[in-house]
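Below are the chains, spelled out letter by letter.
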Amino acid sequence: MLNLDKMESNQRRLPVYLLLDTSGSMHGQPIEALRQGVKYLISSLKKEPQAIETAYLSVITFSSTAKQMVPLTDLQSFREPQLDANGTTALGEALKILERCLDTEVKKSTATQKGDYKPLVFILTDGVPTDSWEGPANVIKQKAGKLANIIAVGCGPDVDLNTLKKITEIVLHMESYQPDDFNQFFRWVSASVSMASQKFTADGEKPAQLPPPPPTIQIVP
Amino acid sequence: MIHISFFKVDPRKQRELEVLFRSYGFIVEEALIHANDPQRHAFLSKIVQGLIAIAEVPEALERNFTKILYRCDQQKQKPIVRKYELTEKVFEIEEKAIEKEEEREKTDKTEKTLEKIDRVEQKESLDPPLEPAWRDLPPQDEQDWVPLHVADYQIVNDAWAMAAASRRGKLHAHQGTHREDAFSIGQEGAWTLLAVADGAGSCQYSRVGAALACQKALLHMQHCLKDYVLAEHDGDIPSQNDLLKIKSYLTTAILEAIQALKEEAREREIKVEEMSTTLLLVIHTLWQGKSVVASVQVGDGTIAIWHGGDTVTLLGSADTGTFASETRFITTRQIEQELGHRIFFSIKKGVNAVTAMTDGVCDDFFPAEKEMPVLFQQVLKVLKDGKEPGEALLDFLSYERRGSFDDRTMAILFRR
């Protein structure tokens, strides 16, 4: 059997961005559940051959400031970042970082370059942003659907879902955030990753085909 | 004296290799890949676990080695081992290599130090190397059964033949779903016809759509081209009248395919979008010693003509968006209005082969200008290997490539 692995690689990657809220309100059980959730996600992706060969993960966290904790990294090399909960909720700053990453890290199709698969972005927050987020949200929303499939998940009772609707059309609500809820969420993320390399039409009329979310997560209309 | 970056875990074997290299006058160093190499972590983890032995040598020296005992290979379940035997000639080009190596040594010194520190840090947290465990499951859905793989071969005449093959991709095998690519090949008088289609992965009935689209488009062309002969005249290309007719035939072939899908959808009481598929159609005949090739393409994939050697003509352009797997289908709304721009002609002498393929193949031969000739050379070699050409093509399409797991389909007209 022929092996073409040595050909100049134009490997298509599936970029997956996790924007995680690590503000003070996540302190205690929620942040622990989030840590476990990220671990769970990585281990379940590592069981999927397609994810092993294509998925690249990045983690951006936001509390008093935002930071890209892990640049776009393949599963083999991915190391879970240290997640600690404290401070406020700089969602706007995180969105700015996301915009920059989508611009610089994700390959677009050109005559000589194979584009990456359309990136998946999951935003997970439990609060209300404390910085100026409307501008960045607007930029992301204008680009969303074109540059990435963005899914925002609000968790807990205090989250402002209207804020999330201003970032993307796809908003989900996870009412409680027990470890099991996070695990279900990340299981769903993993399933979404497995579907994301399917072909879709370029007219951008409908968002990516995503598997139905688990029963504990409601789609916000 | 030559520095060899060298790394080995098994101490006994390390000494053996060290002695071997030293006997040739090399200095053996415990240093490896560059700190900025993206493969570093994967590599390091394998070393830490003792899966890799690596002898890194200057590239210029590599070709002086009599034989490579083990290649550095990323294939499944094989430890990465690279080991060389040296020839006598190795010292002849020593001096050149020294300069290069020494230069690199200087610039890399800092990196190497960092690398060592990094290695120590990484040692504890490294995971076993990830090997994708692709399953091979039969399709779960018993409706609309399509064979996993299919091949066809037709002799046209003494000079030409056609072969086509379609393979279920690794992802469908893993998920236990059907192949969604399809092809049809056929002849009509002096015309040969090739059609390939790639059903949209997100649609339940795309395999039905892809197969139906190919069949209908081909049948329509055969109907149109029955007893159709291009008029002889003094010009360089067939008459305007002939070209316009061919163009309209190709357009209506796509429209017929769309219509067939709509009817099928109505019967099944499903939306036609559930049968979304790309469609590539290419026809060939000879006219005054030249090959007349005409094509129409909706969606991704590639139609290409090979003139031998490195000369390839790409007919038409794939509908690719900003991202991989973003494309158009014959079911895309208002696609009918675009068809006129999707028809291409090539009228040239010295055509060796004409092919249409789905993106499962052409994405692995990208950029096309550089890689398509390679593909043609490889395919023509297997087609003429003596095996049944359809099966030979099917075998060829089973090549391994990381990140390539789509269905693969190729139809080719070639000089026998």
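So, how was this worked out
- Residues numbered from 1 in each chain as written.
- Chains lettered and ligands numbered in written order.
- Predicted model: local features only at pLDDT ≥ 70, side-chain atom pairs only at ≥ 80, totals over all residues.
- Helix = DSSP H or I, 4+ residues; strand = E, 2+ residues; numbered from the N terminus.
- Buried ≥ 20, exposed ≤ 12 C-beta atoms within 10 Å, placed from the backbone.
- Contact = placed C-beta atoms within 7 Å.
- Axes fitted to C-alpha atoms, helices over the stretch in contact; angles between N-to-C directions.
- Parallel < 35°, antiparallel > 145°, perpendicular 65-115°, else oblique.
- Left-handed = near helix turned anticlockwise from the far one by under 90°.
- Nonpolar A, V, L, I, M, F, W, Y, C, P; charged D, E, K, R; others polar.
- Pairing = 2+ DSSP bridges.
- Expected span 1.5 Å × (residues − 1).
- Arc of directions from axis to C-beta.
- Core = buried A, V, L, I, M, F, W, Y, C linked by C-beta atoms within 7 Å.

Caption draft 1: Local environment of the overall build of chain B. Looking only at helices and strands, chain B has ten helices and 17 strands in total. The proportion of buried residues among the 416 residues of chain B is 43%. Partitioning the contacts of chain B with sequence separation of at least 6, the portion at a separation of at least 24 is 71%.

Caption draft 2: View of the overall build of chain A. Summing up its helical and strand segments, chain A has six helices and eight strands in all. Evaluated residue by residue, chain A yields a buried proportion of 49% over its 221 residues. For chain A, the share of sequence-separated contacts (at least 6 apart) that also reach a separation of at least 24 residues comes to 75%.

Caption draft 3: Up close: the packing of helix H9 (residues 368-383) of chain B against helix H10 (residues 389-396) of chain B. Residue and element names in this part refer to chain B. The interhelical angle for the contact between H9 and H10, taken along N-to-C directions, is 135°, at an axis separation of 8 Å. Here H10 runs oblique to H9, going by the angle between their axes. Our pair here, H9 against H10, has a crossing hand that is right-handed. Of the residues in H10, those touching H9 at Gln-378, Val-379, Val-382 and Leu-383 are Pro-389, Ala-392, Leu-393 and Phe-396. Classifying every residue of the contact of H9 with H10 by side-chain character gives seven nonpolar, one polar and no charged.

Caption draft 4: Local environment of the pairing of strand S3 (residues 66-74) of chain A. Residue and element names in this part refer to chain A. Strand direction decides the pairing type here: strand S2 (residues 55-62) and S3, joined by six bridges, are antiparallel. Its bridge partner lying in S3, Tyr-56 is registered against Asp-74. If you look at the hairpin formed by S2 and S3, you'll find three residues sitting between the two strands.

Caption draft 5: The sheet that holds strand S15 (residues 343-348) of chain B, seen in detail. Residues and elements named next belong to chain B. In spatial order, the strands read S8-S9-S10-S11-S15; together these five strands make up an open sheet with antiparallel pairing. In this open sheet, the two strands that pair with only one neighbour each are strand S8 (181-188) and S15. Ignoring which end each strand starts from, the neighbouring axes of this sheet average 15° apart. Examined bridge by bridge, strand S9 (residues 191-198) and strand S10 (residues 279-287) share five bridges and lie antiparallel to one another.

Caption draft 6: Quick look at H10(B). Residues and elements named next belong to chain B. Among the eight residues of H10, six are classified as buried, and the element is accordingly described as predominantly covered. Regarding H10, the residues found buried are Pro-389, Gly-390, Ala-392, Leu-393, Leu-394 and Phe-396. Here the buried face of H10 lies against strand S6 (149-155), strand S7 (160-167), H9 and strand S17 (408-415).

Caption draft 7: Layout of the sheet that holds strand S1 (residues 14-21) of chain A. All names here are of chain A. Ordered in space as S3-S2-S1-S4-S5-S6-S8, the seven strands form an open sheet in which the pairing is mixed. Here the strands that pair on one side only, and so sit at the sheet edges, are S3 and strand S8 (217-220). Neighbour-to-neighbour, the strand axes of this sheet turn through a mean angle of 20°, independent of strand direction. Pairing geometry for strand S5 (residues 149-155) and strand S6 (residues 170-174), over five bridges, is parallel. Each bridged residue has a counterpart across the sheet, and for Gly-154 the counterpart in S6 is His-173. Where helix H3 (residues 91-104) meets the sheet, its contacts fall on S1, S2, S3 and strand S4 (120-125), and the angle it forms with S2 comes to roughly 155°.

Caption draft 8: Spotlight on H9(B). Residue and element names in this part refer to chain B. With 16 residues, H9 should reach 22 Å at 1.5 Å per residue; the first-to-last C-alpha distance of 21 Å fits that figure. Along H9, the residues that are buried comprise Met-372, Leu-375, Phe-376, Val-379 and Leu-383. Taken end-on, H9 shows its buried residues confined to a sector of 100°, consistent with a single buried face. Where the residues of H9 are buried, they touch S7, strand S12 (302-306), strand S13 (312-315), strand S16 (353-357), H10 and S17.

Caption draft 9: Quick peek at the nonpolar core. Residues Ala195(B), Cys214(B), Ala217(B), Leu279(B) and Leu393(B) are the most contacted members of the largest nonpolar core, which totals 85 residues. The greatest single-element share of this core, amounting to ten residues, is contributed by helix H6 (residues 206-225) of chain B. Sequence-distant contacts of Leu393(B), defined by excluding residues within four places in its chain, comprise Ala151(B), Ala163(B), Ala165(B), Val379(B), Val382(B), Leu383(B) and Met410(B). Of all hydrophobic cores here, the second largest spans 69 residues; its members include Ile52(A), Ala55(A), Trp133(A) and Val189(A).

Caption draft 10: Quick look at the packing of H3(A) against helix H4 (residues 134-143) of chain A. Residue and element names in this part refer to chain A. Two elements in contact, H3 and H4, have axes whose closest approach is 8 Å; the angle formed by their N-to-C orientations is 35°. Pair H3 / H4 crosses with left-handed handedness. Touching Gly-92, Leu-95, Lys-96, Leu-98 and Glu-99 of H3 are Pro-136, Ala-137, Val-139 and Ile-140, all from H4. For the contact of H3 with H4, the residue count by class is six nonpolar, one polar and two charged.

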